Amino acid sequence: MERTFIAIKPDGVQRGLAGEIIRRFETKGFTLVGLKFMKVSKELAEQHYDVHKERPFFASLVEFITSGPVVAMVWQGEGVVASARKIIGATNPLTSEPGTIRGDFGINIGRNLIHGSDAIETAQREISLWFKEEELVNWTPHLAPWLAE
C-alpha cells in the first residue's frame with residue numbers, strides 16, 4: 001500500500017490547525033500509520049531540505065521548520081501521494097484553490113502550514129528520515145471494506 005509523509009509545520013501547529021488537517025486526511029479515507037509531535041533538529045531539517053541546499057532560501061527553510069513543534073505523520077492509502085498533494089493545495093496559498101488546506105488557511109508562501117511528499121520515491125526517503133520502521137503501525141481500519149471496490 002502506498003504511503004506518504006506529511007508534516008504540519010510550526011505555523012500550522014501554532015495556529016491550532018493540527019486537528020483540522022488530520023481530519024481532512026481521515027475523512028478522505030486514508031489510514032494514519034505514524035504520528036509524532038516533535039521539535040525538529042537542525043540536522044534533520046537540513047537532511048529533509050537537502051534538495052534545496054544550494055538555493056538562497058535554504059537557511060530560512062531550516063530556521064522556520066526548527067522554530068517550533070511540528071506534527072510529523074505517515075499516511076497510507078491508494079494513490080495517497082497524489083491525493084495528499086491535492087488536499088494540501090499549491091505551494092503558494094495565494095494561488096491555492098479554496099477547499100485545499102493552503103487555500104483555506106494559508107497566509108503566504110513562507111507560512112504555508114504543511115509539507116507533503118511530492119512523489120512516491122520522495123515519500124519513501126522522507127518517511128525513512130523522520131520515522132524508524134518500528135514507529136509505524138500496520139493496521140486495517142474497520143471501514144476499509146467500505147472504501148474498496
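As shown above, the structure is provided for reference.
Residues numbered from 1 in each chain as written. Predicted model: local features only at pLDDT ≥ 70, side-chain atom pairs only at ≥ 80, totals over all residues. Heavy atoms only, no water.

Here we look at the packing of aromatic side chains
Piece 1. What the rule picks out here adds up to two aromatic pairs.
Piece 2. With 5.4 Å between their ring centres and 25° between their planes, Phe25 and Trp75 make a pair best called stacked. Taken together, the residues Phe25 in helix α2 (residues 18-28) and Trp75 in strand β3 (residues 69-76) connect sequence positions 50 residues apart. Of the two residues, Phe25 and Trp75, neither departs from the other in class, the shared state being buried.
Piece 3. Here the guanidinium or amino end of Lys36 rests over the ring plane of Phe131, the centre of that ring lying 4.8 Å away. (Phe/Tyr/Trp six-rings, centres within 6.5 Å; stacked < 30°, edge-to-face > 60°. Helix = DSSP H or I, 4+ residues; strand = E, 2+ residues; numbered from the N terminus. Buried < 20%, exposed > 50% of the residue type's maximum accessible area, 1.4 Å probe, protein only. Lys NZ or Arg CZ within 6 Å of the ring centre and 35° of its normal.)

Observations regarding the pattern of salt bridges
Piece 1. In this structure the tally under the stated criterion is six salt bridges.
Piece 2. Lys42 is the partner of Glu46 in a salt bridge, and the nearest nitrogen-oxygen pair spans 3.9 Å. Taken together, the residues Glu46 and Lys42, both in helix α3 (residues 42-48) and four residues apart, mark about one turn of the helix.
Piece 3. The exposure class assigned to Glu46 is partly exposed, which follows from its relative accessible area of 31%.
Piece 4. Taken together, the salt bridges that share partners define one network made up of Glu20, Arg23, Arg24 and Asp104. (Salt bridge = Lys/Arg side-chain N within 4 Å of Asp/Glu carboxyl O.)

Structural notes on the sheet that holds strand β1 (residues 3-8)
Piece 1. With antiparallel pairing, the four strands of this open sheet are ordered in space as β2-β3-β1-β4. Only two strands of the sheet have a single partner each, and these edge strands are β2 (31-39) and β4 (114-116). This sheet shows a mean twist of 15° between the axes of neighbouring strands, independent of strand direction.
Piece 2. Alignment of β1 against β4, held across three bridges, turns out to be antiparallel. (Pairing = 2+ DSSP bridges. Axes fitted to C-alpha atoms, helices over the stretch in contact; angles between N-to-C directions.)

Focus: the nonpolar core
Piece 1. Within the largest apolar cluster, 20 residues are counted, with the highest numbers of intra-cluster contacts made by Ile6, Phe25, Trp75 and Ile114.
Piece 2. For this core, the secondary structure elements donating two or more residues are β1, α2, β3 and α5 (80-88).
Piece 3. At five residues, α5 tops the list of elements feeding residues into this core.
Piece 4. Apart from residues lying up to four places away in sequence, Trp75 is in contact with Glu2, Arg3, Thr4, Ile6, Ile22, Phe25, Glu26, Phe30, Thr31, Leu32 and Val80.
Piece 5. Val40, Leu44, Ile65 and Leu136 belong to the second largest nonpolar core, which has 18 residues in total. (Core = buried A, V, L, I, M, F, W, Y, C linked by side-chain atoms within 4.5 Å. Contact = heavy atoms within 4.5 Å.)

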